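# Structural features, examined
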Amino acid sequence: QEQTVVGETPNLAARLQVLAEPGMVVISSSTHRLTGGLFEYRDLGTVALKGFAEKIPAWQVLRASASESRFEALRASTTPLIGRAEEVDLLLSRWEQAKAGAGAVVLLSCEPRLGKARIAAAILHRLRGEPHVRLREFCSPHHQDTALYPSITLLERAAGFRRDDTEAQRLTKLEAILGPAARGGGEAAPLLANLLSIPSGDRYPALDLTPQKRKEKTLQALVAQVEGLAARYPVLLVVEDAHWADHTSLELFEMIVGRLSNLPLLAIVTFRPEFVPPWAGRPGVTLLNLNRLPRQLGAEMILRVTGGKVLPREIAEQIADRTDGVPLFIEELTKAVVESGLLAEAGDQYVATGQVTALAIPTSLQESLLARLDRLAPTSEVVQIAAALGRQFSHELISAATAMPAQQLDDALAQLMNAELIFRHGTPPEAEYTFKHALVQDTAYGTLLRGRRQQIHARIAATLQDRFPDIVATQPAVLARHCTEAGLVDRAVVYWFKAGQQALARSASTEAAALLRKG
């Protein structure tokens, strides 16, 4: 039996359709708000539509935006930044200073969940209309012993590597982003190709260097790349989660900080309080500590999450009491309550559908996230495997690891994206996914019993060995971690040893010692 769809949504869609010419996509303000920077738009202004008392803003969707913008758009699709105006103003002030040629570093420190990454994203958003170069590096808890991991992933993203690229194609793509100077017979291209585990073939003479000299020259080449970019445009360098940085990356950043006084460069480094940055107190370096949101701003954030609809006072007060000014906690707990069935919409507010008790609202962020994951029960296997893969994972890898029908996997991933528990960058099969926060990943991973956890890691290890030889060759530490968690001791030892050898070849002795110690 066909059923009629009624309500404001189909009515608005039908009216907007009248505005659209063949082949045109026209959207309303709510869709524009949700999709953000995912696409480029043309503002059609406000239009009078039959059945609507007020004029409706409308946009034409022109095209998908660039890759980095898609990633930023997905990261920014959550609640807008609230209560951080002073911090943003300080960062913008340092940016003006950097543009004038006096480089600066801002160290952004706070406990987890207070919004370090969101402030960094806000600055990137504010500066997107200015001519500048942005370099964004992400440190990973799973790669603390992989020398220069943030630089490696940055180069791979910048070069646009695809998994099916040949070694020659990868080398050509790397040369393209290094510029004419690096291709003119210098050592930068073969050094950085070696860093990315790309054979130089006959294109460059072999470099007869000791591991220590190779490391020194590689660091110099990376610094030279930053200096070359800064010679053309001001550079904004964002290093996220420096508390997970490997030792060699910290050495590299030390070299960059040492050259700041003559570079138009602003570096924003985010980290947790337990990390002691070695650059604090240096000229041009500012330390900024984030505090929790006061109650008034927390109430404003709750209102943003609910789309402007007012919650019953007793529920809003319980959320404020239990979140204690932590932005991510406020956001997740409010969403959990709205999705729980405890409330019903009534105009510009929510009303309780029954008696409100303290037990009706989760008492911790983990319980809040667990409650949201429980309501997505059909996705449990996918989210658990994703959590075992790490904070970030590719569509290709999770497809292989889950071994479920493509449509079933896509539906599960779509549910997780709609719930804003994961974000997607790119389109399948080239898509990359990121858990919204490390706590989301940790919570999903924590739902696994030990036996099931070992099974999943064993399946991932087997999948990597069978279908992803490039990862096996270039990232043996990844295989070592999964084999360790799977209890596959003999294989884990082999891969920890290979990872240690790889680090030694790069003269990353600190990382090599840690990897070999694990083995």
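Described below are features of the structure shown in this document. (Residues numbered from 1 in each chain as written. Predicted model: local features only at pLDDT ≥ 70, side-chain atom pairs only at ≥ 80, totals over all residues. Heavy atoms only, no water.)

### Thoughts on the pattern of salt bridges
In total, this model carries 22 salt bridges according to the counting rule given. A salt bridge links Arg63 to Glu40; the nearest nitrogen and oxygen atoms lie 2.6 Å apart. With Arg63 in strand E3 (residues 56–64) and Glu40 in strand E2 (residues 39–47), this pair connects stretches of sequence that are 23 residues apart. Between Arg259 and Glu227 there is a salt bridge whose closest N-O contact spans 3.2 Å. Residue Arg259 is located in the loop between helix H11 (247–258) and strand E7 (265–271), and its partner Glu227 is located in helix H10 (residues 211–230); the two are separated by 32 residues in the primary sequence. Using a relative accessible area of 35% as the deciding quantity, one classes Arg259 as partly exposed. Residue Glu227 is classed as partly exposed on the basis of its relative accessible area, which comes to 30%. (Salt bridge = Lys/Arg side-chain N within 4 Å of Asp/Glu carboxyl O. Helix = DSSP H or I, 4+ residues; strand = E, 2+ residues; numbered from the N terminus. Buried < 20%, exposed > 50% of the residue type's maximum accessible area, 1.4 Å probe, protein only.)

### Concerning the pairing of strand E6 (residues 235–240)
Among the six residues in E6, six count as buried, and that is most of the element. Judged from the six bridges that link them, strand E5 (residues 133–138) and E6 form a sheet pairing that is parallel. Within E6, the position partnered with Glu137 by the bridge is Val239. Summarising the sheet, E6 and E7 pair through five bridges and their orientation is parallel. If you follow Val239 over to E7, its bridge partner there is Val269. Once the chain exits E6 it traverses H11 before rejoining the sheet at E7, and the crossover so formed is right-handed. (Pairing = 2+ DSSP bridges. Right-handed = clockwise from strand over helix to strand, strands pointing away.)

### As for a nonpolar patch on the surface
A cluster of nonpolar side chains, Phe497, Leu504 and Leu516, forms an exposed patch at the surface whose accessible area comes to about 270 Å². Within the element layout of this structure, Leu504 appears in helix H23 (residues 489–505). (Patch = residues over 30% accessible without salt bridge, like charges linked within 9 Å, V, L, I, M, F, W, Y side chains within 5 Å. Areas by Shrake-Rupley, 256 points an atom, 1.4 Å probe, with all protein chains shown as cover.)

### Quick notes on the sheet that holds strand E4 (residues 104–109)
Read from one edge to the other, the open sheet built from five strands follows the order E5-E6-E7-E4-E8, with strand pairing classed as parallel. Only two strands of the sheet have a single partner each, and these edge strands are E5 and strand E8 (285–289). Strand-to-strand, the axes of this sheet are offset by a mean angle of 15 degrees, without reference to chain direction. Pairing analysis gives six bridges linking E4 to E7, with the strands arranged parallel. Looking at E7, one finds that Ala104 is bridged to Leu266. This element, H11, spans E4, E6 and E7 of the sheet and lies at about 150 degrees to E6. (Axes fitted to C-alpha atoms, helices over the stretch in contact; angles between N-to-C directions. Contact = heavy atoms within 4.5 Å.)

Don't take any of this as a statement about function, it's just geometry.
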